[in-house]
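Below are the chains, spelled out letter by letter.
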Amino acid sequence: KLGTPSLVKSSVVDSKTGKSVDSEVRTSSGTFLAYAQDEIVARIEDRIAHMTMLPLEHGESLQILKYVNGQEYKPHTDYFHDKINADPAHGGQRIATVLMYLSTPEEGGETVFPHAVGEPVTGDEWSECAKAGLAVKAVKRNALFFYGLKPDGTGDSKSTHGSCPTLKGEKYSATKWIHVGAFHKNGGITA
Ligand code: PD2
Ligand code: ZN
């Protein structure tokens, strides 16, 4: 409800310029909330910091995403491939991601990790896209936490992940991208 009035077509970070650009890679709509926008958001942000053991101020503000009618986010990494966004003045690289599912789509919408180590999921209950690797179903009230960097601070390509097309129903999710250092201090950007 907080995100719906300001949803706009999602963008991605251009790896050459570091700027936000429109892309076929990401067809969802989304919006950033403000930090601690209300008491519930503040409590969620606090719980994320406790659960991940990563400081509150290392997180970007929460991003609300909506996927319908086959919309998806093709496999990507959450860590940056450009120098501008990985700037230490804005917290450096993204170290980890917490993804919260706010609704349960009827079909599709899984989060898939095509390069992760382990057996791909199988069976009729998964969409074709999810069968490309390890996958997690979008189920309201569940959350997913994963690291994008290796312990030496370099990007872990095995963290590559995507949102499979939402084939039936609506998927709403909330993303908390977390950086190595303080993000919103030092004039951190929020979009
Ligand atoms: O909404 C998702 O499932 C999803 C999948 C992959 C979100 C993100 N990435 C993201 O916000 O980075
Ligand atoms: Zn992602």
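The structure we're discussing is the one just above.
Residues numbered from 1 in each chain as written. Chains lettered and ligands numbered in written order. Predicted model: local features only at pLDDT ≥ 70, side-chain atom pairs only at ≥ 80, totals over all residues. Heavy atoms only, no water.

### Remarks on the coordination of the zinc ion (ligand 2)
- Taken together, H76 (NE2), D78 (OD) and H161 (NE2) make up the full set of protein donors to the zinc ion (ligand 2), lying 2.1 to 2.2 Å away.
- Site description for the zinc ion (ligand 2): donor spacing in sequence, H-x1-D-x82-H. One end of the pair, H76, is in strand 6 (residues 73-76); the other, H161, is in strand 12 (residues 161-163), with 85 residues separating them in the sequence. In this structure, H76 and H161 share a single accessibility class: buried. (Donors = N, O, S within 2.8 Å, 3.2 Å for Na, K, Ca; no water. Helix = DSSP H or I, 4+ residues; strand = E, 2+ residues; numbered from the N terminus. Buried < 20%, exposed > 50% of the residue type's maximum accessible area, 1.4 Å probe, protein only.)

### Let's talk about the site of ligand 1
- Taken together, the neighbourhood of ligand 1 is formed by 14 residues, with Y67, T111, K171, S173 and T175 sitting nearest.
- One nitrogen or oxygen atom from the side chain of D78 is found 3.0 Å from an oxygen atom belonging to ligand 1.
- Relative to its unbound accessible area of 310 Å², ligand 1 is 100% covered by the protein chains.
- Looking at the shell around ligand 1, the elements that each hand over two or more residues are strand 5 (63-67), strand 6, strand 12 and strand 14 (171-179).
- Top contributing element to the shell around ligand 1 by residue count: strand 14, with four residues.
- Class assignment of the residues belonging to the shell around ligand 1 gives a composition of five nonpolar, seven polar and two charged. (Near = heavy atom within 4 Å. Polar contact = N/O pair within 3.5 Å; in protein donor to acceptor, adjacent residues only side chain to side chain. Areas by Shrake-Rupley, 256 points an atom, 1.4 Å probe, with all protein chains shown as cover. Nonpolar A, V, L, I, M, F, W, Y, C, P; charged D, E, K, R; others polar.)

### Here's the deal with the nonpolar core
- I48, L62, I95, M100 and I178 are the most contacted members of the largest nonpolar core, which totals 14 residues.
- Those elements that provide at least two residues to this core are helix 1 (39-52), strand 7 (94-101) and strand 14.
- The dominant element in this core, judged by the number of residues it contributes, is strand 7, at four residues.
- Look past the residues within four positions of I48 in its chain and what remains in contact with it is M53, L62, V98, M100, K176 and I178. (Core = buried A, V, L, I, M, F, W, Y, C linked by side-chain atoms within 4.5 Å. Contact = heavy atoms within 4.5 Å.)

### So, the sheet that holds strand 11 (residues 143-147)
- Here we have six strands laid out as an open sheet, ordered 1-4-5-14-7-11, and antiparallel in their pairing. Looking along the sheet, the strands with just one partner apiece sit at the ends: strand 1 (8-9) and strand 11.
- In this structure, strand 5 lies alongside strand 14, joined through five bridges in antiparallel fashion. The partner of I64 across the bridge, within strand 14, is A174.
- Across the face of the sheet, helix 1 comes into contact with strand 7, strand 11 and strand 14 while running at roughly 125° to strand 7. (Pairing = 2+ DSSP bridges. Axes fitted to C-alpha atoms, helices over the stretch in contact; angles between N-to-C directions.)

### Examining the sheet that holds strand 10 (residues 134-136)
- Spatial ordering of the open sheet is given by 6-12-9-10, a layout of four strands whose pairing is antiparallel. The outermost strands of the open sheet, each flanked by one partner alone, are strand 6 and strand 10. Across the sheet, the axes of successive neighbouring strands diverge by a mean angle of 15°, strand direction being ignored.

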